[in-house]
Amino acid sequence: PWVSAQDVILLISQTFYLMNDLTLAIRRIETCTTITPAILQHICFLYLLSNQTRKFESGISLLNSHVATKHSPYLLYLRSRLYHKKGQINEAFESMKTAISMKDDEPLFWLAMGNIYFITQQFKEAAGCYHQSMVLDETMAEAWINYGATLEFDPSIGDPMEFYQPAIAELKIPERRN
């Protein structure tokens, strides 16, 4: 057949996720007996959303033991995010650095790297990553917001108002509502 049992489980899990039932989505995907790269990506994405330390640890373990991880920038991205959620910043940085070295045109990777730099108070590096994310995808609102916040934390990088005023004028970021 063209569709395997694993494919059906993945689709059912995705359906539960789209229905905002993360618990059932996780339970369903955990019934897979063979962990393909697509299944691994879905499992780890759901674990990331779960906000449960035990799930973060399980996701990291799965990613570290699966042969596909070292060849997939998206699996490395997920591993970085899981490490980040666990507070293992050095590991998060190394995974994200490797993901970016494999695919440097992915704005989400630059955003995530900027967040790692930001929480370690390396604001100049964070600003550079957010800027790169905005260059690659000017609609990535989180990059715009984080870039502005970075300038507010360290005005030596740039004047936040010089950033905000043109961005608002160009409708790149929304004006603050009262």
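As the structure is a prediction and not an experimental result, all values here were calculated from the model.

Peer 1: Before we go on, may I ask you to explain helix H3 (residues 37-50) in this structure?
Peer 2: A turn of α-helix holds 3.6 residues, and therefore any two residues three or four places apart point the same way. The first and last C-alpha atoms of H3 sit 20 Å apart over 14 residues, in line with the 20 Å expected at 1.5 Å per residue. Considered for burial, the residues of H3 that qualify are Ile39, Leu40, His42, Ile43, Cys44, Leu46, Tyr47, Leu48 and Ser50. Elements that come into contact with the buried residues of H3 comprise helix H1 (5-18), helix H2 (22-29), helix H4 (53-65) and helix H5 (73-86). Taken from the residues just after H3, Asn51 is the one with a positive phi, measuring 55°.

Peer 1: What's the story with the nonpolar core in this structure? I'm lost.
Peer 2: Where a protein is soluble and globular, its nonpolar side chains tend to be buried together. Grouped together as the largest cluster of nonpolar side chains are 38 residues, with contacts concentrated most on Leu63, Leu82, Met96, Met113, Ile116, Tyr147 and Phe163. If you list the elements that add at least two residues to this core, you get H3, H4, H5, helix H6 (89-102), helix H7 (107-119), helix H8 (123-136), helix H9 (141-153) and helix H10 (160-169). Per element, the largest residue contribution to this core is seven residues, and it comes from H7. Ile9, Leu10, Ala25 and Leu46 belong to the second-largest nonpolar core, a separate cluster that totals ten residues.

Peer 1: I keep staring at the packing of aromatic side chains and nothing clicks. Help me out?
Peer 2: A full pass over the atoms with the stated rule returns seven aromatic pairs. Considering the side-chain rings of Phe118 and Phe123, the 5.3 Å spacing of their centres and the 65° angle between planes classify their relative orientation as edge-to-face. Taking relative accessible area as the criterion, Phe118 reaches 22% and is therefore assigned partly exposed. Note on Phe123: relative accessible area 13%, which makes it buried. Ring pairing ties together the aromatic residues Tyr74, Tyr77 and Phe109, which thus form one cluster.

Basis of the calculations
Residues numbered from 1 in each chain as written. Predicted model: local features only at pLDDT ≥ 70, side-chain atom pairs only at ≥ 80, totals over all residues. Heavy atoms only, no water. Helix = DSSP H or I, 4+ residues; strand = E, 2+ residues; numbered from the N terminus. Expected span 1.5 Å × (residues − 1). Buried < 20%, exposed > 50% of the residue type's maximum accessible area, 1.4 Å probe, protein only. Contact = heavy atoms within 4.5 Å. Core = buried A, V, L, I, M, F, W, Y, C linked by side-chain atoms within 4.5 Å. Phe/Tyr/Trp six-rings, centres within 6.5 Å; stacked < 30°, edge-to-face > 60°.

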